[in-house]
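A look at the structure
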Amino acid sequence: MTDAAEWDAIFTGDPAVDVPQFPANPHLQELAATLPAGRALDLGCGPGTLSVELASRGWEVRGVDSSPKAIEAAIRHAAARGVEAAFEVGDVAYWIPLGLYDLVTSSHALPPPAHEARRAVAVAAAPVKPEGWLAITEWAPAAAETLGFGPSDLLSRTDIVAELPGFEIIRSEEISAPRPDGDGEAPALIVVAQRHPR
């Protein structure tokens with residue numbers, strides 16, 4: 001899946017069916033559970049599963065996704081859970097965040113090709129407060145052919161880390177993640193970083 005129209009096709013229909021297809025990212029949940037609630041930005045929020053989970057824990061959350069249908073599903077999801085969270089449609093490579101955040105997450109939101117993905121990393125890093133946290137999960141280059149990406153569409157962990165001057169890298173490792181089509185798992189990666197104090 002590489003554009004908003006393709007993602008829109010996933011999120012049409014009954015939200016009671018749509019939302020469970022995308023459980024909250026457990027790696028990002030684990031990180032958030034170790035932090036005091038503050039302001040969180042969830043890039044590539046999809047139907048809002050992580051955003052809603054964070055909001056239920058007292059975080060002030062804004063979710064951004066390129067798919068209007070995903071954002072509609074996220075709004076319905078938050079309403080069904082009785083939590084407050086802000087959602088908006090945005091291209092994460094060009095979206096301009098307002099204000100600073102204690103936690104920024106990006107879950108499989110870096111768009112191809114690689115230069116756009118690098119730009120999206122910069123967008124994700126920009127609003128992180130001093131001593132705030134950035135967590136990126138993404139498909140690993142080894143998953144490119146399986147998931148229909150080009151050979152240079154996906155960034156490696158080294159590529160992502162290179163785009164994060166001013167951050168201490170806390171975690172950088174290979175993981176696996178459920179495929180968007182639900183057919184098993186595919187190679188993925190996670191990078192967790194904390195911005196240096198200013």
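Reference entry: report on the structure contained in this document. (Residues numbered from 1 in each chain as written. Predicted model: local features only at pLDDT ≥ 70, side-chain atom pairs only at ≥ 80, totals over all residues. Heavy atoms only, no water.)

Examined bridge by bridge, strand 1 (residues 39-43) and strand 2 (residues 60-65) share five bridges and lie parallel to one another. Along strand 2, the bridge assignment pairs Leu 41 with Arg 62. With helix 4 (residues 49-56) bridging strand 1 and its parallel neighbour strand 2, the resulting β-α-β unit is right-handed. Two strands pair when backbone bridges link them, and strand 2 and strand 3 (residues 86-89) are joined in this way by four bridges, in the parallel orientation. Pairing of Asp 65 across the sheet is with Val 89, part of strand 3. Handedness of the crossover joining strand 2 and strand 3 through helix 5 (residues 68-81) is recorded here as right-handed. (Pairing = 2+ DSSP bridges. Helix = DSSP H or I, 4+ residues; strand = E, 2+ residues; numbered from the N terminus. Right-handed = clockwise from strand over helix to strand, strands pointing away.)

Glycine aside, residues mostly have negative phi, and peptide bonds are mostly found in the trans state. Residue Pro 113 is bonded to the preceding Pro 112 through a cis peptide linkage, with omega at -5 degrees. Mapped onto the secondary structure, Pro 113 falls in the loop between strand 4 (101-107) and helix 6 (114-125). A positive phi angle, near 55 degrees, is found at His 108, a position not held by glycine. With respect to the element layout, His 108 can be found in the loop between strand 4 and helix 6. In the Ramachandran plot, Glu 131 falls in the positive-phi region, its phi being about 70 degrees despite a non-glycine side chain.

If you walk through the whole model with that rule in mind, you get nine salt bridges. Note that Lys 69 is salt-bridged to Glu 72, the shortest N-O span being 4.0 Å. Placement of both Lys 69 and Glu 72 in helix 5 is noted, with a separation of three residues, approximately one turn of the helix. Since its relative accessible area comes to 38%, Glu 72 is described here as partly exposed. A salt bridge links Asp 159 to Arg 118; the nearest nitrogen and oxygen atoms lie 3.8 Å apart. Of this pair, Asp 159 sits in helix 8 (residues 157-162) while Arg 118 sits in helix 6, and the two are 41 residues apart along the sequence. In the salt-bridge network here, residues are joined through shared partners; they are Arg 118, Asp 159 and Glu 163. (Salt bridge = Lys/Arg side-chain N within 4 Å of Asp/Glu carboxyl O. Buried < 20%, exposed > 50% of the residue type's maximum accessible area, 1.4 Å probe, protein only.)

Read across the open sheet, the seven strands follow the order 3-2-1-4-5-7-6; overall the sheet is mixed. The open sheet terminates on both sides in strands that have one partner only, identified here as strand 3 and strand 6 (167-178). Along the sheet, successive strands turn relative to each other by an average axial angle of 15 degrees, direction set aside. Both strand 1 and strand 4 contribute to a ladder of four bridges, which runs parallel. Counterpart to Ala 40 in the pairing with strand 4 is Leu 103. (Axes fitted to C-alpha atoms, helices over the stretch in contact; angles between N-to-C directions.)

For helix 5, built from 14 residues, the straight-helix expectation of 20 Å at 1.5 Å per residue is met to within 8% by its first-to-last C-alpha distance of 20 Å. Within helix 5 the residues assigned to the buried category are Ala 70, Ile 71, Ala 73, Ala 74, His 77 and Ala 78. Seen from one end, helix 5 has its buried residues packed into an arc of 160 degrees, which puts them on one side. Exposed side chains of helix 5 directed beyond 90 degrees from the buried face belong to Ala 79 and Ala 80. Gly 82 sits one or two residues past helix 5 and shows a positive phi near 70 degrees. (Expected span 1.5 Å × (residues − 1). Arc of directions from axis to C-beta.)

Such coordinate-based values are descriptive only and should not be taken to indicate function.
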